[in-house]
Amino acid sequence: MGVLGSYVRLPFDDWLAVDEAAPEEADALLDAVYEHRRERWLDVDKTWDALDMLLVLATGGETGIAGGARAMTPYRGGETSFLDAGDVRRVAGALARTPFDRLVAAYDPEVMAAAYPPGVWTDRASLEPLEGTYARVRDFFRAAAADLDFVLIVIG
């Protein structure tokens, strides 16, 4: 539960530069996005995994937001993967079709209890703080899909 998650929208050329860069160079390129293009960076703190699990439960595995299929050079030592523009469109579509109420309805206390420490995400009421984050994630992926961006997923 204690691992931070972030999403970074990158046009293809910027993603390619990061992908081909040495680790220190890639860190500097992503730091520049964080510093100067904050609208392309979304921090979701420690909620990414709960949102991902709820999405998988609600959509039957149609989408998850915790990681792309392709790993990249770690950013600042975290796990970094990406979704290409096609994956981003698929995720954005699934998020658009999945209202937050559907995530709450999919809540399974046994699944959540097996995945998280005691006292974390213990009931549906504990999910309420996730609603605002979910809306920001949905809007972020919608904008990324509209711009044909790749999305880097940084966990850690």
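Here the structure is a predicted model, which is why all the values come from computation and not from measurement.

(A) Representation of unusual backbone geometry in the model. Located in the positive-phi region is D45, a residue other than glycine, with phi close to 55 degrees. Relative accessible area serves as the criterion here: at 44%, D45 is assigned to the partly exposed category. Despite not being glycine, L148 has its phi angle at roughly 60 degrees, a positive value. Mapped onto the secondary structure, L148 falls in the loop between helix 7 (130-146) and strand 5 (150-155).

(B) Spatial organisation of helix 3 (residues 48-59). In a regular helix each residue adds 1.5 Å, so 12 residues correspond to 16 Å; helix 3 covers 16 Å between its end C-alpha atoms and thus fits that length. With 10 of 12 residues buried, helix 3 is to be regarded as a mostly interior element. Within helix 3, the full set of buried residues consists of W48, D49, A50, L51, D52, M53, L54, L55, A58 and T59. G60, located one to two residues past helix 3, shows a positive phi value of around 65 degrees.

(C) The nonpolar core, seen in detail. Counting 36 residues, the largest nonpolar core has Y7, V137 and F141 as the members making the most contacts within it. Grouped together as the second largest cluster of nonpolar side chains are 16 residues, W15, L30, Y75 and F82 included.

(D) Quick peek at the packing of helix 4 (residues 85-96) against helix 7. Running from N to C, helix 4 and helix 7 cross one another at 140 degrees; their axes reach a closest spacing of 8 Å. Classed by the angle they form, the pair helix 4 and helix 7 counts as oblique. Handedness of the crossing formed by helix 4 with helix 7: left-handed. Within the contact between the two elements, helix 4 uses V88, R89, V91, A92, L95 and A96 and helix 7 uses Y134, V137, R138, F141, R142, A144 and A145. Here the residues of the contact of helix 4 with helix 7 sort into 10 nonpolar, no polar and three charged.

(E) Up close: the environment of A32. Along the chain, A32 falls in helix 2 (residues 23-36). Given a relative accessible area of 34%, A32 falls into the partly exposed group. Spatially, the C-alpha atom of A32 lies 34 Å from that of L103, the residues being 71 residues apart in sequence.

Calculation notes
- Residues numbered from 1 in each chain as written.
- Predicted model: local features only at pLDDT ≥ 70, side-chain atom pairs only at ≥ 80, totals over all residues.
- Heavy atoms only, no water.
- Buried < 20%, exposed > 50% of the residue type's maximum accessible area, 1.4 Å probe, protein only.
- Helix = DSSP H or I, 4+ residues; strand = E, 2+ residues; numbered from the N terminus.
- Expected span 1.5 Å × (residues − 1).
- Core = buried A, V, L, I, M, F, W, Y, C linked by side-chain atoms within 4.5 Å.
- Axes fitted to C-alpha atoms, helices over the stretch in contact; angles between N-to-C directions.
- Parallel < 35°, antiparallel > 145°, perpendicular 65-115°, else oblique.
- Left-handed = near helix turned anticlockwise from the far one by under 90°.
- Contact = heavy atoms within 4.5 Å.
- Nonpolar A, V, L, I, M, F, W, Y, C, P; charged D, E, K, R; others polar.

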